[in-house]
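# Observations on the three-dimensional arrangement
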Amino acid sequence: MTRCSDSDEQTDDGPEEPNQNQNQNQSRTRKEGKHVSFPPDEQIVSGFAEHRNTDRKADSCLTLTEVMVAYQQSCSRHQVQPRAHILQQLQQGVCVGGSVECLDLKGERLDHRSCEALEVVLKSLHFDFINLQAAQLEENGASSLLDMILYYESTTHLDISDNSSMGTSGWRALAHLIKQSVRLSRLDVCNVPVVDYPAQSLSKALLTSRLTALHLHNAQLSGMPLYTLVAALKTNRALQELHLTNNLLNSYQDALQLGDLLRYNTTLQTLELNNNAVADAGLEELCDGLRRQTAGLKVLQLRNNHITVKGMEHLAKVLPVLKVLQILDLGENILGNEGMQVIREPLMVNGSLLQLGLAQANITCEGAVALAEFLAESRLIRKLDLRQNQVKVGGLMALSLALRINRSLAGLDVDHQPPQEQVGVQISVCNPHQYLHGISTSWFMVITI
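If you're wondering where the values come from, they're calculated on a predicted model, not measured in any experiment.

Right, let's talk about the overall build of the protein chain for a bit. Counting secondary structure elements, the protein chain contains 16 helices and 18 strands. Within the span of the protein chain, comprising 449 residues, buried residues form 56% of the whole. With an accessible surface of roughly 19,500 Å², the protein chain has 49% of that area assigned to carbon and sulfur atoms.

What follows is the structure, given as structure tokens:
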């Protein structure tokens, strides 16, 4: 069994006997399995970086073909069959300065011995992305593999989604990786319940993590797990992207926690909350947090969150004072024409918004006219998404007139209209940098019905 020793956490197997023949920073010993012991936190970066670089220098002359041969020999030693998919990637890959774009292990069944056999690959090469999604990692295998990824600093982006059997040791090893790695910048842990011990270990690691992007889609984070996560992220000064799609986040305690996150964290730049249940009351909490953002959040995604015109009333209060938010996606909410009327003037006053997503927001021509009035006044907006709405000839005419005045819009997304609505309709574009999707364009507007 692979174990990670940490001053803050207890292992399940008791203390490990020190190796008298090796420096503490080089303690990778073998008994029945592999045992990895880490030095104290204050030594982890310099010690492991030094040892890792020594290992890399020794293997820097290896070609991908030589790594492939070494992997086959390693499989033989560990009595496992070499994975054809891995051999194919090594055979067809391109290595630049010891770095390879991707090691794709998605769907491979990686037991403990298969993970151990991968050490020669992780030792010899650095990958931009290691994909372990649905690799059926069990506790010992996950612990061993994650320890190696940390020890050799093997990747900058790791996807360990769809692995629900990692066990306590696997999550402990993942926490060490998050906390100690100097290269890992993005982590995906999706479609896995991040509750109880996983939530606690992840949150604790995030207190000192260097991660800049964290994807936790469909991780059952509602309630106490989200509270634990937010408590850590309030003081985190490294994470820039937090993606929380499909977590059943509600409009009461969950939205309250996210509002608190926005009140205290000014480093986070992207917050993705698509496909949850934030609703109008939850949007009020988020807006209260946004009001405190003098620096930080630039992207807020709220697609499909049961938001209505009442939510637009809360948004209308904060839009005029927002100086940071640049991208706002409110698609797949029932905002309607009334919602567009509510936010029309606040959008005109806003001094930061560059992209606005309103796809499938129950908007008709009346709402399009309100948005056209906003476009005519805006000097900042770069993109507007109105797809999957019922915007017909009257709304398109208003938008075309607004485009004669607006000089900032670079993209307007709308749907193809039914043939009877589209006959003879052309939209004028007076700015050659503007483009529209789904409707024909011309330098002159001609309406024929």
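Once you've had a look at it, read on.
Below, the discussion takes up the packing of aromatic side chains. This model, assessed by the stated rule, comprises 1 aromatic pair. Judged by centre distance (4.9 Å) and plane angle (90 degrees), the ring pair of Tyr151 and Tyr152 falls under edge-to-face. Judged by its relative accessible area of 3%, Tyr152 falls in the buried class.

Let's shift gears to the pairing of strand E4 (residues 126-131). One ladder, built from 5 bridges, connects strand E3 (residues 99-104) with E4; its direction is parallel. Bridge assignment links Leu103 to a residue of E4, and that residue is Ile130. Pairing of E4 with strand E5 (residues 157-159) involves 2 bridges; the strand directions are parallel. Bridge pairing in E5 links Ile130 to Leu158. Considered for its hand, the β-α-β crossover made up of E4, helix H6 (residues 139-151) and E5 is right-handed.

Looking at the secondary structure, you find Gln89 in helix H3 (residues 84-92). Leaving out residues up to four positions away in the same chain, Gln89 has contacts with Cys102, Leu103 and Asp104.

The next point concerns the pattern of salt bridges. Scanning the entire structure with this criterion turns up 11 salt bridges. The shortest N-O distance in the salt bridge between Arg83 and Glu108 comes to 2.9 Å. Separated by 25 residues along the polypeptide, Arg83 in the loop between helix H2 (64-77) and H3 and Glu108 in the loop between E3 and helix H4 (112-117) bring together distant segments of the chain. Residues Lys383 and Asp413 are paired through a salt bridge, measuring 3.7 Å at the closest nitrogen-oxygen approach. With a gap of 30 residues between them, Lys383 in strand E13 (residues 383-385) and Asp413 in strand E14 (residues 411-413) connect regions that are remote in the sequence.

Attention now moves to helix H15 (residues 393-405). Within an α-helix, residues lying three or four positions from one another point in the same direction, as the helix has 3.6 residues per turn. Helix length check: H15, at 13 residues, gives a terminal C-alpha distance of 19 Å against a target of 18 Å (1.5 Å per residue), a fit within 8%. Every buried residue of H15 is listed here: Val393, Gly395, Leu396, Ala398, Leu399, Ser400, Ala402 and Leu403.

Attention shifts here to helix H9 (residues 224-233). Burial within H9 is extensive, with 7 of its 10 residues counted as buried. Buried residues along H9 sit against helix H8 (197-206), strand E8 (241-243) and helix H10 (253-264).

So, on to unusual backbone geometry. Phi is positive for Asn191, close to 60 degrees, though the residue is something other than glycine. Assessed through its relative accessible area of 35%, Asn191 is described here as partly exposed. For Asn304, which is not glycine, the phi torsion reads 55 degrees and is therefore positive. Its location among the elements puts Asn304 in the loop between strand E10 (299-301) and helix H12 (309-318). Taking the relative accessible area as the measure of exposure, Asn304 reaches 28% and is therefore partly exposed.

Moving on, we come to the environment of Arg172. By the secondary structure assignment, Arg172 is in helix H7 (residues 167-180). For the pair Arg172 and Asp147, spaced 25 residues apart in sequence, the C-alpha separation works out to 9.8 Å.

Below, the discussion takes up the environment of Leu216. Within the fold, Leu216 resides in the loop between strand E7 (213-215) and H9. Sequence separation of Leu216 and Val194 is 22 residues, and the distance between their C-alpha atoms is 8.4 Å. Once you skip the residues sitting within four places of it in the chain, Leu216 turns out to touch Val189, Cys190, Val194, Leu202, Leu221, Leu229, His243, Leu244, Thr245 and Asn247.

Let's shift gears to the environment of Ser161. You can see Ser161 is positioned in the loop between E5 and H7. Put simply, Ser161 and Asn191 are 30 residues apart on the chain and 6.0 Å apart in space, counted from C-alpha to C-alpha. Setting aside residues up to four positions removed in sequence, Ser161 forms contacts with Leu132, Gln133, Ala134, Asp188, Val189, Cys190 and Val192. Only 2.7 Å separates the side chain of Ser161 from the side chain of Asp159, close enough to count as a polar contact.

Moving on: the confidence of the model for the protein chain. The share of residues in the protein chain with pLDDT of 70 or more is 79%, and the mean pLDDT across the chain is 84. A low-confidence stretch, residues 422-426 (pLDDT under 50), is modelled with 17 contacts involving residues beyond four sequence positions or located in other chains. Note on residues 439-449: pLDDT is under 50 here. Beyond four places in sequence and across chains, it has 37 contacts.

Before going further, it helps to examine the packing of H9 against H10. At a closest axis distance of 9 Å, the pairing of H9 and H10 adopts a crossing angle of 5 degrees. Here H10 runs roughly parallel to H9, going by the angle between their axes. In contact with Leu226, Tyr227, Val230 and Leu233 of H9, H10 contributes Asp254, Gln257, Leu258 and Leu261. Of the residues in the contact of H9 with H10, the class split is 6 nonpolar, 1 polar and 1 charged.

This part takes up the packing of helix H11 (residues 279-290) against H12. Packed helices, taken two at a time, are described by the angle between their axes plus the distance between the axes. At a minimum axis distance of 8 Å, the contact between H11 and H12 shows a crossing angle of 10 degrees. Between H11 and H12, the angle falls in the class roughly parallel. Contact residues: H11 offers Asp280, Leu283, Glu284, Cys287 and Leu290, while H12 offers Lys310, Gly311, Met312, His314, Leu315 and Val318. Taken together, the residues of the contact of H11 with H12 break down into 6 nonpolar, 2 polar and 3 charged.

What counts as what
- Residues numbered from 1 in each chain as written.
- Predicted model: local features only at pLDDT ≥ 70, side-chain atom pairs only at ≥ 80, totals over all residues.
- Heavy atoms only, no water.
- Helix = DSSP H or I, 4+ residues; strand = E, 2+ residues; numbered from the N terminus.
- Buried < 20%, exposed > 50% of the residue type's maximum accessible area, 1.4 Å probe, protein only.
- Areas by Shrake-Rupley, 256 points an atom, 1.4 Å probe, with all protein chains shown as cover.
- Phe/Tyr/Trp six-rings, centres within 6.5 Å; stacked < 30°, edge-to-face > 60°.
- Pairing = 2+ DSSP bridges.
- Right-handed = clockwise from strand over helix to strand, strands pointing away.
- Contact = heavy atoms within 4.5 Å.
- Salt bridge = Lys/Arg side-chain N within 4 Å of Asp/Glu carboxyl O.
- Expected span 1.5 Å × (residues − 1).
- Polar contact = N/O pair within 3.5 Å; in protein donor to acceptor, adjacent residues only side chain to side chain.
- pLDDT = per-residue confidence, 0-100.
- Axes fitted to C-alpha atoms, helices over the stretch in contact; angles between N-to-C directions.
- Parallel < 35°, antiparallel > 145°, perpendicular 65-115°, else oblique.
- Nonpolar A, V, L, I, M, F, W, Y, C, P; charged D, E, K, R; others polar.

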